[in-house]
Structures are given as C-alpha cells and as structure tokens.
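These are the residues of each chain, in order.
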Amino acid sequence: MALPEISFVIPLYNEAENFETLIRRLDELMSTLPFAAEVVLIDDGSKDNTTLLMHSIAEGDPRYVCVFLSRNHGHQLALAAGMKYARGGRAIMMVDGDLQDPPELIHEFLPFLDQGYEVIYGVRRKRKESMVKRFAYWAYYRIMTKIANIDLPLDTGDFALVSRRVINLLNKMPERNRYLRGMRTWIGFKQIGVEYDRFGRNAGTTKYSFGKLMSLALSGIYNFSDLPIRIMTYLGGFAIGSSLIYLITVLYKKFFWGNVPTGFTATIIILIFFGGVQMIAMGILGEYVLRIYRESQQRPLFIVDKVIQDQEEISNQG
Ligand code: UDP
Ligand code: MG
C-alpha cells in the first residue's frame with residue numbers, strides 16, 4: 001500500500017457498540033478523499049468486544065492499523081500512541097470513536113492545510129450534553145483561558161487536523177501528564193478554528209469517568225498556568241494583611257477606648273481558618289512534587305501489547 005497522506009487517529013475504550021457505524025462512516029469518507037488515507041485505531045485496554053472487532057478489520061483491510069495497549073492508559077495517552085504509529089505524511093486527524101465529532105469535517109479542514117495552517121481544530125458551537133456538564137465545560141474553558149499562560153482557544157477539544165511537522169514535535173514532547181490541546185497550542189505556527197455542532201454520542205455511555213475528567217482538567221491547569229502555586233503567595237499575603245489590620249484596630253481601641261475585648265471565639269476561628277489555608281497550600285505544593293516525581297520516573301508514556309500494520313501482527317517483546 002502507498003504511504004498514506006492522512007491518518008485518522010481514533011482511541012477506543014469499550015466502543016464495540018459504535019464500531020460498525022464508525023467503520024462504515026470511515027470507509028465512505030475515505031472513498032471520497034482524493035488521496036490515500038489510513039485509520040489508526042488504538043485499543044485502550046477495552047474489556048468488551050472492541051479488541052476482537054479491531055483484529056478482524058485490521059487483518060482484512062490494509063488501510064486499518066490497530067495498536068493494542070497493554071491496559072487502559074487513558075484517552076490522552078492512547079492518542080499519543082496513535083500519533084507514534086500514524087504514517088500520514090501530510091497530516092493527522094484526531095477523532096473520537098463515539099462519532100461526537102464528525103470525521104467528515106476533514107473536507108472543511110483540508111483547504112486550510114493547503115493554505116499553510118498547521119493546526120485546524122474544531123470549535124464547538126453547540127453541544128448535546130446534560131445542563132450540568134455543559135455549564136462545567138463552559139466555565140472551565142473560560143477560566144482556563146483567563147489563567148493559562150498561553151492563548152488557549154475556547155470550546156476546543158482534541159478534535160483537529162494536525163500537520164506532520166506539528167505531530168513530529170508533539171511526539172518529541174515527553175511529558176507524562178498530557179493535555180494535548182494545550183501542547184498543540186503551545187507549539188504555535190499558524191492555527192485556526194472551524195465551528196461545528198457537537199453531536200451526542202452515537203451509542204453507549206461516556207468512557208471518561210468523573211475522576212478521569214477531573215484529572216484532565218487539573219492537568220490543563222497545572223501544565224499551562226502558574227496560578228496554583230501563586231495562590232499560596234496570595235493567600236499568605238492576604239493572611240498577613242488581615243492580621244495587620246486586626247492588630248491596628250486592637251491597638252487603636254486600646255489607646256483611644258482603653259478596653260480591648262478579649263475574644264476567645266475569634267482566636268479559635270482564625271486558628272482553624274489559617275490551619276486550613278496552610279493545609280491547602282501544602283496540598284498544592286504536594287501536587288507539584290508529585291508531578292515532578294512522576295516525570296522524573298521517566299516511564300514510557302504507554303505500553304503497547306501488539307500492533308497490526310499492513311495486515312501483519314507484530315507483538316511487543318518488551
Ligand atoms: N477513551 C479512551 N480511553 C479512556 C477513555 C476514553 O481511549 O480511558 C476514548 C473513547 O473510547 C472515545 C474517546 O476516548 O473514543 C472520547 O471519550 P468519550 O467519548 O467517552 O468522552 P466524552 O466525549 O464523554 O468526553
Ligand atoms: Mg464522547
């Protein structure tokens with residue numbers, strides 16, 4: 001098979017219910033593309049039929065490359081694995097396996113690639129999700145753009161067409177706590193957003209547990225903002241400031257009124273309050289230490305069990 005110009009990179013974690021539709025849509029889409037394309041599917045340690053389905057597609061069709069991870073590594077690391085194995089010479093399109101982001105949008109993205117844009121990302125105009133989730137996303141993205149030290153675009157996920165040059169650069173970034181949309185923005189060059197409506201899931205339920213979503217959100221904040229560590233300094237400043245004000249009031253009262261109220265309750269409250277502030281400060285500090293520790297362990301980002309490429313299975317011998 002001729003080397004593909006474009007690779008679709010799609011992480012799958014228990015997406016058996018979506019598999020057939022996904023493949024049908026991709027087959028149709030690839031037949032409309034004027035050049036060779038491939039699909040890199042990553043099995044992120046699925047426990048359902050996904051693994052089996054992936055085997056049969058990759059063994060029968062050389063346009064499909066399947067990477068099987070040794071266990072569930074999480075969406076961001078699965079994407080990292082897909083980007084390593086994708087051979088697309090011009091660009092790589094990141095898509096979700098649940099078809100929330102239509103892969104067909106590549107037709108709208110491609111003209112920008114021709115114009116020299118290196119990252120063309122989808123911007124969600126509307127999204128089909130519960131009220132609470134929509135609000136949480138809305139608030140998070142707005143807070144992030146305020147506190148981040150890079151210009152993060154609003155309402156943008158990992159859904160994007162990314163040039164080979166940027167993919168090579170991303171592959172060289174060894175950080176373990178990955179917030180891909182931030183890393184992608186950090187790289188720079190010409191980038192542009194294209195608006196689209198985000199659909200609901202094709203089938204099944206979200207594979208992002210609350211914990212996984214929180215940890216992604218926190219990685220965004222810790223990796224692209226200095227605010228958490230600065231907050232401690234601000235809080236310290238606030239504590240000293242308020243105690244000085246208190247001291248001045250007490251002294252004033254003593255000299256001009258002569259009676260200083262001896263408040264026991266106030267002391268306790270202040271004690272507990274600043275005890276709590278110190279704990280939080282230590283927790284934030286601990287978070288940085290933990291992240292430094294994780295990075296210093298230098299573990300590989302993900303472990304591959306086996307790969308099926310050009311209909312041939314290669315298992316990882318470690
Ligand atoms: N996914 C993954 N590993 C995980 C969680 C999710 O590979 O640990 C995949 C999932 O199969 C889907 C994509 O990442 O293709 C996005 O996940 P999902 O649709 O569940 O997230 P949501 O759209 O609800 O944020
Ligand atoms: Mg989804």
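The rules behind the values
- Residues numbered from 1 in each chain as written.
- Chains lettered and ligands numbered in written order.
- Predicted model: local features only at pLDDT ≥ 70, side-chain atom pairs only at ≥ 80, totals over all residues.
- Heavy atoms only, no water.
- Near = heavy atom within 4 Å.
- Polar contact = N/O pair within 3.5 Å; in protein donor to acceptor, adjacent residues only side chain to side chain.
- Areas by Shrake-Rupley, 256 points an atom, 1.4 Å probe, with all protein chains shown as cover.
- Helix = DSSP H or I, 4+ residues; strand = E, 2+ residues; numbered from the N terminus.
- Salt bridge = Lys/Arg side-chain N within 4 Å of Asp/Glu carboxyl O.
- Buried < 20%, exposed > 50% of the residue type's maximum accessible area, 1.4 Å probe, protein only.
- Donors = N, O, S within 2.8 Å, 3.2 Å for Na, K, Ca; no water.
- Phe/Tyr/Trp six-rings, centres within 6.5 Å; stacked < 30°, edge-to-face > 60°.
- Lys NZ or Arg CZ within 6 Å of the ring centre and 35° of its normal.
- Pairing = 2+ DSSP bridges.
- Axes fitted to C-alpha atoms, helices over the stretch in contact; angles between N-to-C directions.
- Expected span 1.5 Å × (residues − 1).
- Contact = heavy atoms within 4.5 Å.
- Core = buried A, V, L, I, M, F, W, Y, C linked by side-chain atoms within 4.5 Å.

Novice: Account for the site of ligand 1, with residues named and values stated.
Specialist: Taken together, the neighbourhood of ligand 1 is formed by 20 residues, with Asp44, Asp98, Gln100, Thr206 and Lys207 sitting nearest. Take Tyr13: an N or O atom from its main chain is 2.9 Å from an oxygen atom of ligand 1. Here an oxygen atom of ligand 1 and a side-chain polar atom of Lys212 are 2.8 Å apart. Alone, ligand 1 offers 530 Å² of accessible surface; in the complex the protein occludes 97% of this. Elements with a minimum of two residues in the shell around ligand 1: strand 1 (6–12) and helix 5 (131–147).

Novice: Mind laying out the pattern of salt bridges, listing which residues take part and the relevant values?
Specialist: Per the counting criterion, the structure on display carries 20 salt bridges. For the salt bridge of Arg87 with Glu38, the shortest nitrogen-to-oxygen distance reads 3.2 Å. Highlighted residues: Arg87 in the loop between helix 3 (75–85) and strand 4 (91–94) and Glu38 in strand 2 (residues 37–43), separated in sequence by 49 residues. On the accessibility criterion, Arg87 (23% relative accessible area) is partly exposed. Among the salt bridges present, the one from Arg181 reaches Asp158, with a minimum N-O distance of 3.1 Å. Here Asp158 lies in strand 6 (residues 156–163) and Arg181 lies in helix 7 (residues 180–187), a separation of 23 residues in the sequence. On the basis of relative accessible area, Arg181 is assigned to the buried category, the value being 11%. Within the structure, one salt-bridge network assembled from shared partners comprises Glu15, Asp98, Arg201 and Lys207.

Novice: So what's going on with the coordination of the magnesium ion (ligand 2)? Residues and values would help.
Specialist: For the magnesium ion (ligand 2), the full set of protein donor atoms is Asp98 (OD) and Gln100 (OE1), at a range of 1.9 to 2.0 Å. Of the two residues, Asp98 and Gln100, neither departs from the other in class, the shared state being buried.

Novice: Give a detailed account of the packing of aromatic side chains, specifying residues and quantitative values.
Specialist: In this structure the tally under the stated criterion is 10 aromatic pairs. Each ring, one from Phe112 and one from Tyr117, has its centre 5.7 Å from the other, and the planes form 80°; the classification is edge-to-face. Its relative accessible area of 19% is what places Tyr117 among the buried residues. An aromatic cluster is present here, built from Phe109, Phe159 and Tyr196 joined pairwise through their rings. Sitting over the face of the ring of Phe189, Arg165 holds its NZ or CZ atom 3.8 Å from the ring centroid. Across the ring face of Tyr117, the terminal group of Lys190 is positioned such that the distance to the ring centre comes to 4.5 Å.

Novice: Explain the sheet that holds strand 4 residue by residue, including any values.
Specialist: In spatial order, the strands read 7-5-6-4-1-2-3-8-9; together these 9 strands make up an open sheet with mixed pairing. Of all strands in the sheet, those bounded by a partner on one side alone are strand 7 (191–198) and strand 9 (312–315). Each strand of the sheet is rotated relative to its neighbour by a mean of 20°, with strand direction disregarded. In terms of strand pairing, strand 2 meets strand 3 (residues 64–69) through 5 bridges, oriented parallel. Its bridge partner being in strand 3, Ile42 is matched across the sheet by Val67.

Novice: Got a sec to walk through helix 1 (residues 16–32)? Specific residues and values, please.
Specialist: For helix 1, spanning 17 residues, the distance from its first C-alpha to its last is 25 Å, which sits close to the expected 24 Å at 1.5 Å a residue. Of the positions making up helix 1, those classed as buried are Asn18, Phe19, Thr21, Leu22, Ile23, Leu26, Leu29 and Met30. Looking at the buried positions of helix 1, the neighbouring elements they touch are strand 1, strand 2, helix 2 (50–60), strand 3 and helix 4 (106–114).

Novice: If you had to explain helix 5 to someone new, which residues and values would you point to?
Specialist: Here helix 5 is 17 residues long and its end C-alpha atoms lie 24 Å apart, about the 24 Å a rise of 1.5 Å per residue gives. Of all the residues in helix 5, the buried ones are Tyr137, Ala139, Tyr140, Tyr141 and Met144. Along its buried surface, helix 5 packs onto strand 5 (119–127), strand 6, helix 7 and helix 8 (210–224).

Novice: Requested: an account of the nonpolar core, with residues and values cited.
Specialist: Counting 42 residues, the largest nonpolar core has Ile42, Leu69, Met94 and Leu170 as the members making the most contacts within it. For this core, the element with the most residues is helix 3, which contributes 6 residues. With sequence-adjacent residues up to four places away left out, Leu69 is seen in contact with Ile42, Asp43, Asp44, Gly45, Ala78, Ala81, Phe302, Ile303, Val304 and Asp305. The next biggest cluster of nonpolar side chains, apart from the first, holds 38 residues, and it includes Leu22, Ile57, Phe68 and Tyr117.

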